[in-house]
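Notes for the structure review
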Amino acid sequence: MEDTAGVKITKDMLIGDILRAYPQSMYALMECGMGCIGCPASQAESVADAAMVHGLDGDDIVKYLNEYIEASQKEAEIKAAEA
């Protein structure tokens, strides 16, 4: 498994690695139309490959994933500071 924590998501990263490093990304992927993230095959697919299979634009998915992850991390930091 590639260490992806703290790294921007790219099209060549595997869906499984992204989900392990950023579990919250599962919601972003489903919102993008990639509802089969639990499928064993998706774990070994790159974002680019998964996007192609679903007829989606990989660049759009990468952009959305990075924005989603950044926002969720900021939210977690705010909640931690308030605690």
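Residues numbered from 1 in each chain as written. Predicted model: local features only at pLDDT ≥ 70, side-chain atom pairs only at ≥ 80, totals over all residues. Heavy atoms only, no water.

Right, let's talk about empty space enclosed by the protein for a bit. Tallying each qualifying case throughout the model produces one cavity of 30 Å³ or more. The space that makes up the largest cavity amounts to roughly 40 Å³. Of the residues in the lining of the largest cavity, the class split is six nonpolar, two polar and one charged. (1 Å grid on protein atoms, 1.4 Å probe; cavity = no way out; pocket = protein on both sides within 12 Å on 5 of 7 lines; lining within 4 Å. Points joined across faces, edges and corners; volume = space filled by probe spheres on them. Nonpolar A, V, L, I, M, F, W, Y, C, P; charged D, E, K, R; others polar.)

Attention now goes to the nonpolar core. Core analysis: the largest hydrophobic core is formed by 18 residues, its most contacted members being Ile 9, Ile 15, Leu 29, Val 47 and Ile 61. Of all the elements in the fold, those that place two or more residues in this core are helix H1 (15–21), helix H2 (25–31), helix H3 (47–53) and helix H4 (58–82). Element by element, the count of residues in this core is highest for H4, at four residues. Ile 61 has contacts with Leu 29, Cys 32, Met 34, Val 47, Ala 51 and Leu 56, leaving out every residue within four places of it along the chain. (Core = buried A, V, L, I, M, F, W, Y, C linked by side-chain atoms within 4.5 Å. Buried < 20%, exposed > 50% of the residue type's maximum accessible area, 1.4 Å probe, protein only. Helix = DSSP H or I, 4+ residues; strand = E, 2+ residues; numbered from the N terminus. Contact = heavy atoms within 4.5 Å.)

Here we take up the pattern of salt bridges. Enumeration over the complete set of coordinates arrives at six salt bridges. A salt bridge links Lys 74 to Glu 70; its shortest N-O distance comes to 3.1 Å. With Lys 74 and Glu 70 both in helix H4 and four residues apart, this pair spans about one turn of that helix. On the accessibility criterion, Glu 70 (35% relative accessible area) is partly exposed. A salt bridge links Lys 79 to Glu 75, with the nearest nitrogen and oxygen atoms 3.3 Å apart. Remark: Glu 75 and Lys 79 occur in helix H4; sequence separation between them is four residues, near one turn of the helix. Within the structure, one salt-bridge network assembled from shared partners comprises Lys 8, Glu 70 and Lys 74. (Salt bridge = Lys/Arg side-chain N within 4 Å of Asp/Glu carboxyl O.)

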